[in-house]
Amino acid sequence: MWHLAIMTVILFVALVLNIYVLVDMHRKECNIIETQNYEAVKEGSFEIWTGVINFFPELHDVAPKALQPLHLSPTKSVHKKLVIGIPLAAERTRYISGTLSSLFDKLDEDYRNDVMVLLMIASNETDAENFSEKTAWIQGNFSKEIESGLMKVIAVPKAWYRIAVRSVPPTFGDPLERMYWRTKQNIDYIYIMTYASQMCDYYLQLEDDVEAANGYMRVIFNYLIFKSNSPWFLISFTTIGFIGKLFRCPEHVRNRFCGIGFLFSLLPVGSLITLMSPLSRS
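Just so you know, these numbers come straight off a predicted model, no measurement behind them.

This brings us to the UniProt feature "transmembrane region" (unreviewed entry) in the protein chain. In the numbering used here, UniProt assigns the "transmembrane region" (unreviewed entry) feature to residues 6–23, 224–247 and 259–279. The distance separating the terminal C-alpha atoms of residues 224–247 is 11 Å; by composition the span is 12% helix and 25% strand.

What follows concerns a nonpolar patch on the surface. On the surface, a nonpolar cluster with roughly 400 Å² of combined accessible area is contributed by V219, Y223, F226 and F237. Here V219 is to be found in helix 7 (residues 216–226).

Our next topic: the pattern of salt bridges. Side chains that differ in charge, positive against negative, can pair when their charged atoms come close. Applying the stated criterion across every chain yields a total of seven salt bridges. Close ionic contact of R218 with D110 constitutes a salt bridge, the shortest N to O distance being 3.3 Å. Of the two residues, R218 is situated in helix 7 and D110 in the loop between helix 3 (96–105) and strand 5 (115–121); the sequence distance between them amounts to 108 residues. For R218, a relative accessible area of 34% gives the class partly exposed. One salt bridge connects E177 with R166, and the closest N-O pair in it is separated by 3.5 Å. Of this pair, E177 sits in helix 6 (residues 176–196) while R166 sits in the loop between strand 6 (151–155) and helix 6, and the two are eleven residues apart along the sequence. The class for R166 is exposed, based on a relative accessible area of 57%. One network of salt bridges, with partners in common, ties together D108, D110 and R218.

A few words now on the packing of aromatic side chains. Taken as a whole and assessed by the stated rule, the structure comprises seven aromatic pairs. When the ring of Y111 is compared with that of F221, the centres are 5.2 Å apart and the planes differ by 5 degrees; the resulting orientation is stacked. Taken together, the residues span a long stretch of sequence, with Y111 in the loop between helix 3 and strand 5 and F221 in helix 7 at a distance of 110 residues. Here Y111 and F221 have matching classes, each one buried. For the pair W160 and Y191, a centre-to-centre distance of 5.1 Å together with 65 degrees between the ring planes defines the contact as edge-to-face. In this pair, W160 is assigned in the loop between strand 6 and helix 6 and Y191 in helix 6, connecting sequence segments 31 residues apart.

The rules behind these values
- Residues numbered from 1 in each chain as written.
- Predicted model: local features only at pLDDT ≥ 70, side-chain atom pairs only at ≥ 80, totals over all residues.
- Heavy atoms only, no water.
- UniProt positions renumbered as here; feature names shortened; annotations may be inferred.
- Helix = DSSP H or I, 4+ residues; strand = E, 2+ residues; numbered from the N terminus.
- Patch = residues over 30% accessible without salt bridge, like charges linked within 9 Å, V, L, I, M, F, W, Y side chains within 5 Å.
- Areas by Shrake-Rupley, 256 points an atom, 1.4 Å probe, with all protein chains shown as cover.
- Salt bridge = Lys/Arg side-chain N within 4 Å of Asp/Glu carboxyl O.
- Buried < 20%, exposed > 50% of the residue type's maximum accessible area, 1.4 Å probe, protein only.
- Phe/Tyr/Trp six-rings, centres within 6.5 Å; stacked < 30°, edge-to-face > 60°.

Next up, the structure:
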């Protein structure tokens, strides 16, 4: 039996190494696309990177304008030092008010001009009116933060969900509904990261049900100063999945979505981050 166990380990290691090589090759291909053959389509302040569209054949014939986000708050964008991205599914609104209050209440005054919270409604609705109705209470409760530019609310356009997330074959024994949820989550991450990274120097990924620590932004910026002379690709401020992951923008975000886009239908995002960690470079 021992030789069977050894063979199993060898096969597993070989599989992981093959995935590493494939992801690294695709990451390099994305870099080549962006640096040597960059053909971004610009609409307003949002650029649809060629590398994003290449992952999804369902989007090849979609007009660039149809992939622009729906703006549920003032559209004026100002470059920020750091953007906190929070995707929000329409059915998951239970915790978001507490999460936003926590982020704003515990954000030191010194950093309010350097930071923006980007709330992205990730639901396959048909028009901005439906989204506005669903988010009216958010806009009412946080009108001060929206008006000051501390918070921005957008929604994923319907065209983005032409990506076939309902027909993904199950992996790891997950039921179909779980497969749909985790695959949709991956493409939502790609969208918000692509959008947010074009308006900031650093991007921090959060979820809709977190509690911020006192002085959290001071800790983040102090740690960035501490790491300023050291190479890094990703800084993790939590050990939970994709929550609290910080990236440089836009180059490291492009590298990261290459990995997520390449394997978006095979693995949940937490596993993708773990898998790609050995590929992290400054």
